[in-house]
Amino acid sequence: MIEASLKQLSAALAQKKISSVELTTLFLDRIEQYNPTLNAFITLDRERTLAAARAADAQLAKVGAGGTAAAGQAAPLLGIPLAHKDIFCTAGWRTTCGSKMLANFVSPYDAHVVERFSNAGMVLLGKCNMDEFAMGSSNETSHFGPVKNPWDLTCVPGGSSGGSATAVAARLTPAATGTDTGGSIRQPAALCGLTGLKPTYGVVSRYGMIAFASSLDQGGPMAKSAEDCALLLNAMAGFDPRDSTSLERPAEDYSRDLEKPLAGLKIGLPREFFAEGMDAGVRAAVEAAVAEYRKLGATTVEVGLPNSNLSVPAYYVIAPAEASSNLSRFDGVRYGHRAPDYADLNDMYAKSRAQGFGAEVKRRILIGTYVLSHGYYDAYYLKAQKIRRLIAADFAAAFKECDVILGPTTPSPAFKFGAKAADPVQMYLSDIYTIAVNLAGLPGMSIPCGFDNGLPVGLQIVGPWFGEAKMLNVAHQYQLLTDWHRRMPSGLGT
Ligand code: GLN
């Protein structure tokens, strides 16, 4: 059961081979056994989870009355357990965003994504650990301690959705949600051997998703396979009037093209991504994957993304600028940490923020405030916005020559704890291949494509705007041919 796809779980539930309570208990027991080591979850509530599973069973008794797999397809996610990154607000469960600032915060409402999954009948297993306010690439900035990579407990799982990634990789949950501002779904998916998808900006509502950099943040699924991600995206995506950047588009079935053959597919290989800076083992795995695609009938063409070298510097102006504004709401007045002792109102703000935020968050607030300040705004913020436009134009030109872009997700596989913690620039470079995609608002995926020294390697697939179904098709066809996505870390037991 822990290895089953969502489709198989759905069929087993509909055919009454297992109940949602039994399935949920199986995962809760695994969490109990392995979470003390892995630290993937911040908040668990067994009783609340089982109550949701009982409610799903009652629903299943109605819709699955025929006991057929077809009945399962009518409600494809009903009764299946799921974990949420702790950035999504959940009524009744605390939502910490990995920060001391929100360590005791319980939201009065559900995020749109949370609401969507509970309407689909999914059962919430718990809230996953993450870098503080989603700022990080290693999960080392969480107030709740680092998350371990189940492939090697001395290595990071990536970040910021590292708890979600470890939870799926260790089979503590069949699937999880993540968010991606500069790579936080794709990079941890790559480092933990998962399939993760960041949708086109505006496809998934950000309502109730705690804001880091609003023009870049996007929620998406993390699971074992592209087929599972398609089902999850079907539930997540959709217009929401409560998010002013949510796009009003007709509903799509993201599974619709999974089975399409790839003959004639045009793959773009960005020269800049294959130049230098990639580990030899990562390069070998990515090139082998490209060779598999040629076998499937795809052709490759070299494309240029000439401004991609500016993506990390532009991101580290824009994202902190937006973060400094977004995080000004945490002032100790309405919610979040309030300093116990203070002299006056200003002192309360200062002390509450000094105590509530960790070092990386403070660094971002300082950078963001600086680049937005009078006198530096034009030199930094405005220039970064212009670069952002150039990066998007590069992609638009590349997609005139190809259907999807392939490349590495990360320059190296999972690294050791502490390896980059003292040098923020090294840490920021972990996202060198993913950040441009967020700046351009494009959809991107990472799928497992091999191993480097026993650690998973991710292949990045970037689609044109609204190209989710195409990317999922490209990923699924590869997964029919390979079994990297089915590998599971050993040493954790089964
Ligand atoms: N690692 C990047 C950062 O620290 C991206 C994080 C993210 O996508 N949330 O900002």
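Residues numbered from 1 in each chain as written. Predicted model: local features only at pLDDT ≥ 70, side-chain atom pairs only at ≥ 80, totals over all residues. Heavy atoms only, no water.

Asks: Whenever I open this one, helix H8 (residues 226-236) confuses me. Can you help?
Replies: Two residues of an α-helix separated by three or four positions point the same way, owing to the 3.6 residues in each turn. Along H8, 10 of the 11 residues are buried, which leaves the element largely enclosed by surrounding structure. For H8, the set of buried residues is Ala226, Glu227, Asp228, Cys229, Ala230, Leu231, Leu232, Leu233, Ala235 and Met236. At the C-terminal side of H8, Gly238 shows a positive phi close to 140 degrees. (Buried < 20%, exposed > 50% of the residue type's maximum accessible area, 1.4 Å probe, protein only. Helix = DSSP H or I, 4+ residues; strand = E, 2+ residues; numbered from the N terminus.)

Asks: Help me out: how do you make sense of the packing of helix H10 (residues 311-326) against helix H12 (residues 359-372) in this one?
Replies: For the pair H10 and H12, the least separation of the axes is 7 Å and the interaxial angle reads 100 degrees. When the axes of H10 and H12 are compared, the pair comes out roughly perpendicular. Residue-level contacts link Tyr316, Val317, Pro320, Ala321 and Ser324 of H10 to Arg364, Ile365, Ile367, Gly368, Thr369, Val371 and Leu372 of H12. Class assignment for the residues of the contact of H10 with H12 results in 8 nonpolar, 3 polar and 1 charged. (Axes fitted to C-alpha atoms, helices over the stretch in contact; angles between N-to-C directions. Parallel < 35°, antiparallel > 145°, perpendicular 65-115°, else oblique. Contact = heavy atoms within 4.5 Å. Nonpolar A, V, L, I, M, F, W, Y, C, P; charged D, E, K, R; others polar.)

Asks: I'm lost on the site of the ligand in this one. Help?
Replies: Near the ligand lie 15 residues; those nearest to it are Thr181, Gly182, Ser184, Tyr315 and Asp431. A distance of 2.9 Å separates an oxygen atom of the ligand from a polar atom in the backbone of Gly136. The backbone of Gly182 places a nitrogen or oxygen atom 2.6 Å from an oxygen atom of the ligand. Looking at the shell around the ligand residue by residue, the classes come out as 5 nonpolar, 7 polar and 3 charged. (Near = heavy atom within 4 Å. Polar contact = N/O pair within 3.5 Å; in protein donor to acceptor, adjacent residues only side chain to side chain.)

Asks: Where do I start with the side chain of Asn139 in this structure?
Replies: Positionally, Asn139 belongs in the loop between strand E3 (123-128) and helix H6 (162-169). Residue Asn139 is classed as buried on the basis of its relative accessible area of 0%. A distance of 3.2 Å separates a polar atom in the side chain of Asn139 from the backbone oxygen of Ser160.

Asks: Explanation requested: the pattern of salt bridges in the structure shown.
Replies: Once their charged atoms are close, side chains differing in charge can pair, the charge on each being opposite to the other. One pass over the structure, following the stated rule, counts 23 salt bridges. A salt bridge links Asp86 to Lys127; the nearest nitrogen and oxygen atoms lie 2.8 Å apart. Within this pair, whereas Asp86 is found in the loop between strand E2 (81-85) and helix H5 (112-119), its partner Lys127 is found in strand E3, the two being separated by 41 residues in sequence. Comparing Asp86 with Lys127 shows no difference in burial state: the two are buried. Linking Arg363 and Glu360 is a salt bridge whose minimum nitrogen-to-oxygen distance equals 2.8 Å. Remark: Glu360 and Arg363 occur in helix H12; sequence separation between them is 3 residues, near one turn of the helix. Relative accessible area serves as the criterion here: at 32%, Arg363 is assigned to the partly exposed category. (Salt bridge = Lys/Arg side-chain N within 4 Å of Asp/Glu carboxyl O.)

Asks: Even after reading the chapter, I still don't get the environment of Ser107, so can you show me in this structure?
Replies: Counting through the fold element by element, Ser107 comes out in the loop between E2 and H5. Sequence separation of Ser107 and Ser19 is 88 residues, and the distance between their C-alpha atoms is 30 Å. A polar contact is formed between the side chain of Ser107 and the backbone oxygen of Tyr109, at a distance of 2.5 Å.

Asks: Where do I start with the nonpolar core in this structure?
Replies: Among the nonpolar cores identified, the biggest contains 151 residues, and Phe133, Tyr293, Phe395 and Ile461 are the most heavily contacted of them. When near neighbours in sequence (up to four residues on either side) are disregarded, Phe133 contacts Cys97, Ser99, Met101, Leu102, Ile210, Phe212, Leu327, Phe330, Phe357 and Val361. (Core = buried A, V, L, I, M, F, W, Y, C linked by side-chain atoms within 4.5 Å.)

Asks: Please explain unusual backbone geometry as it appears in this structure.
Replies: When glycine is set aside, most residues are seen to have a negative phi, and most peptide bonds are trans. Residue Gly159 is joined to Ser160 through a cis peptide bond whose omega torsion reads 10 degrees. Along the polypeptide, Ser160 turns up in the loop between E3 and H6. We note that Phe133 has phi near 50 degrees; this positive angle belongs to a residue other than glycine. Structurally, Phe133 is set in the loop between E3 and H6. Note on Phe133: relative accessible area 1%, which makes it buried. A positive phi angle is found at Arg171, which is not glycine, with a value near 60 degrees. Among the secondary structure elements, Arg171 is positioned in the loop between H6 and strand E4 (175-179).

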